[in-house]
Each structure stands twice: as C-alpha cells, then as structure tokens.
Amino acid sequence: MAEESVLYALADGVARIMLNRPERLNSFNPGMHLALRAALERASREARAVLLTGAGRGFCAGQDLNDRSVAADEAPPDIGASIDLYYKPLILQIKRLPMPVVCAVNGVAAGAGASIALACDMVLAAKSAAFIQAFSRIGLIPDSGGTWFLPRLIGDARAMALALTGDKLPAETAAEWGLIWKCVADDELPAQAEALARQFAAGPTRAYARIKESIQLAATNTLAAQLDVERDFMAELGRSKDYREGVAAFMEKRAANFTGE
Ligand code: T3D
C-alpha cells in the first residue's frame, strides 16, 4: 500500500501534521492536497493548535512538476484551475483555522511550499532550511499568497528581488528580515516547535483565534474600523470562561488553567 502523503497525530490538544512525500521534497500532487485539507479540517474539530512540518530533508517544494506535462504537442496545463481547486482553498483554510498554526520548516521551502509556510501563524525554521521563490525559474509568479505575504512581511524591495531572481534565502536571513519568527539549530527545531504548539494548545484558544483574525483584518482596515474590531472581539472575549480564569489566576498568583472556552 502507498505511504500516506500526509501524516496526522493528535496529542495534548496539538494536531501534528507532516507532509510526507520526502522523495519529491514533499511537493504537492492532488492526493497530498486532499490529504492536507482533510487533516486541517480534522484539526479544526479536535485540536487547539496545529504543528505543520515536512518529512525528510525538505519542507515542501511546491507543485509536483512531474504532474505538469509541457510536451509541445499537448495542451498546456490549466494552472488557474489548479490554483482555484487546490492552492487558494488551502491558504484560506490555514488563515481561517481558529487556532494558532505553527510551521516548523525543516528544510527547503520552495514555490508554493514557501507560501504555505508564510500562511502559517508562527514560522520556525532550521538553520539549514531556505526559502526559494522558485516560480520565476519556471516562468511563473509567486502564488498561494506569495505576492501578498512577501511585501507585507519584508517590504517591496526585498519581495521584488526574491520574486524576480528566485534566489535562495537562507533561514537565518529570513529571520533577520522578519519573514519568519525564528531560525534555530537543526537539532533544536522539533523540540522548539513542539513546545510552542503545546503552549498554544494549553492557552486561551478563543483569544488566539480572535488575535489571528484581528491581525488579518488590520491588513485592509482603517484605524477606526480596526478599533471597532478590537472592541467587538474584546466584548466577546470578556464573556469567556478563559478570561475569568486568566484574571482569577492573576489575582491568586497561580498559573491559569485555560480550557479554550
Ligand atoms: O502547477 C500548478 O498547479 C500551479 C501551482 C504552482 C505552485 C508552485 O509551487 S510552482 C513552483 C514549483 N516548484 C519548483 O519549481 C521547485 C522545484 N525544485 C527545485 O527547484 C529544487 O528541487 C529545490 C531548489 C527545491 C531543492 O533543490 P535540491 O538540489 O536540494 O534537491 P533536488 O535534487 O532538486 O530534489 C530532490 C528530488 O526531489 C529530485 O528527485 P530525484 O532526482 O532525486 O528523483 C527532484 O526532482 C525532486 N523534486 C524537487 N522539487 C520537485 C521535485 N519533483 C517534482 N516537483 C518538484 N517541485
């Protein structure tokens, strides 16, 4: 039987999702897309945090180019349809997941693989990892939100240069530039990413969901509109059990026991 292209394990509130086509650097075929979408859907029902990583020496090399016939006598692939069917829903699913998604970039993240990492809420990368906007190398543009994430995270000049050149950006530089949260020693990545995911799984889940949503809304809101968003979310969270627990724990000088309610 073929190995599963996405592995899923739930423990202590953390859904651990691993892209698992290491022989192709975890590049995407339709089966892996569907498996990842199903894993994220499952996490949305049973987890309080997600940890996404890749098997083997790479994180993800984007689209599996073996699935793209470019023979002169064949019709060109309908890449727009592939984006509508697979990549766009995947990015939106990550962004809309009402819990933190931690991404542990264990090796190269290229093409849509880089964009998928950037769609996650906190990105840690191994020192040996790198981010490659591989698209222009094959005559395409950054997709899966690449043209949206890059300028917002690192500014137009750096975004443009990475997209145009397709040059490899080492993880350490990615962290220095603010493209990702942190670059860590290779052998420390699993433990550090796990600790962060566990911390989130034991935290105020509803607040995390609203933090995630607020920061996304801020990308397009005016200040006045964003102040209204903050008021509404604060009003809602002020009625939550976790808020009561957080304040009580502070007053009693003890650790809070958040339940996500
Ligand atoms: O088409 C649509 O639906 C539109 C959506 C597009 C989204 C996109 O992601 S477009 C961009 C697609 N990705 C790429 O262009 C990246 C292609 N890969 C590379 O440039 C390099 O592999 C890397 C720079 C990522 C890593 O280089 P390196 O030297 O560390 O590894 P390698 O030897 O190139 O790759 C290892 C194996 O993985 C190799 O197979 P082999 O020779 O050992 O049998 C290689 O062919 C395979 N591999 C790597 N990336 C892909 C891949 N196979 C298929 N598709 C890939 N994307």
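Look a little higher up for the structure.
Residues numbered from 1 in each chain as written. Predicted model: local features only at pLDDT ≥ 70, side-chain atom pairs only at ≥ 80, totals over all residues. Heavy atoms only, no water.

A. A look at the pattern of salt bridges. The tally for this structure, following the rule as stated, stands at 16 salt bridges. With a shortest N-O distance of 2.8 Å, Asp121 and Lys212 are connected by a salt bridge. Of the two residues, Asp121 sits in the loop between helix 3 (112–119) and strand 7 (122–126) while Lys212 sits in helix 8 (residues 205–218), which places them 91 residues apart along the sequence. For Arg198, the salt bridge is made with Glu194, and the minimal N-O distance between the two is 2.9 Å. Of this pair, Arg198 and Glu194 both sit in helix 7 (residues 189–201), four residues apart, which is roughly one turn of that helix. For Arg198, a relative accessible area of 38% gives the class partly exposed. One salt-bridge network, in which partners are shared between bridges, spans Asp12, Arg16, Glu194 and Arg198. (Salt bridge = Lys/Arg side-chain N within 4 Å of Asp/Glu carboxyl O. Helix = DSSP H or I, 4+ residues; strand = E, 2+ residues; numbered from the N terminus. Buried < 20%, exposed > 50% of the residue type's maximum accessible area, 1.4 Å probe, protein only.)

B. Up close: helix 4 (residues 146–154). What helix 4 keeps buried is the set Gly146, Phe149, Leu150 and Ile154. Looking down the long axis of helix 4, one finds its buried residues gathered within 95 degrees of arc, a one-sided arrangement. Looking at the buried residues of helix 4, the elements they touch are helix 2 (79–96), helix 3, helix 5 (156–165) and helix 6 (171–177). Just downstream of helix 4 lies Gly155, where phi reads positive at about 90 degrees. (Arc of directions from axis to C-beta. Contact = heavy atoms within 4.5 Å.)

C. Highlighting the site of the ligand. Surrounding the ligand, one finds 24 residues, the nearest of these being Gln63, Leu65, Arg68, Ser82 and Ala112. Leu65 places a main-chain nitrogen or oxygen 2.9 Å from a nitrogen atom of the ligand. Here an oxygen atom of the ligand sits 2.4 Å away from a polar atom, N or O, in the side chain of Ser82. Protein chains bury 67% of the 1000 Å² of accessible surface belonging to the ligand in isolation. Here the shell around the ligand takes three residues from helix 2, the largest share from any one element. Of the residues in the shell around the ligand, the class split is 12 nonpolar, six polar and six charged. (Near = heavy atom within 4 Å. Polar contact = N/O pair within 3.5 Å; in protein donor to acceptor, adjacent residues only side chain to side chain. Areas by Shrake-Rupley, 256 points an atom, 1.4 Å probe, with all protein chains shown as cover. Nonpolar A, V, L, I, M, F, W, Y, C, P; charged D, E, K, R; others polar.)

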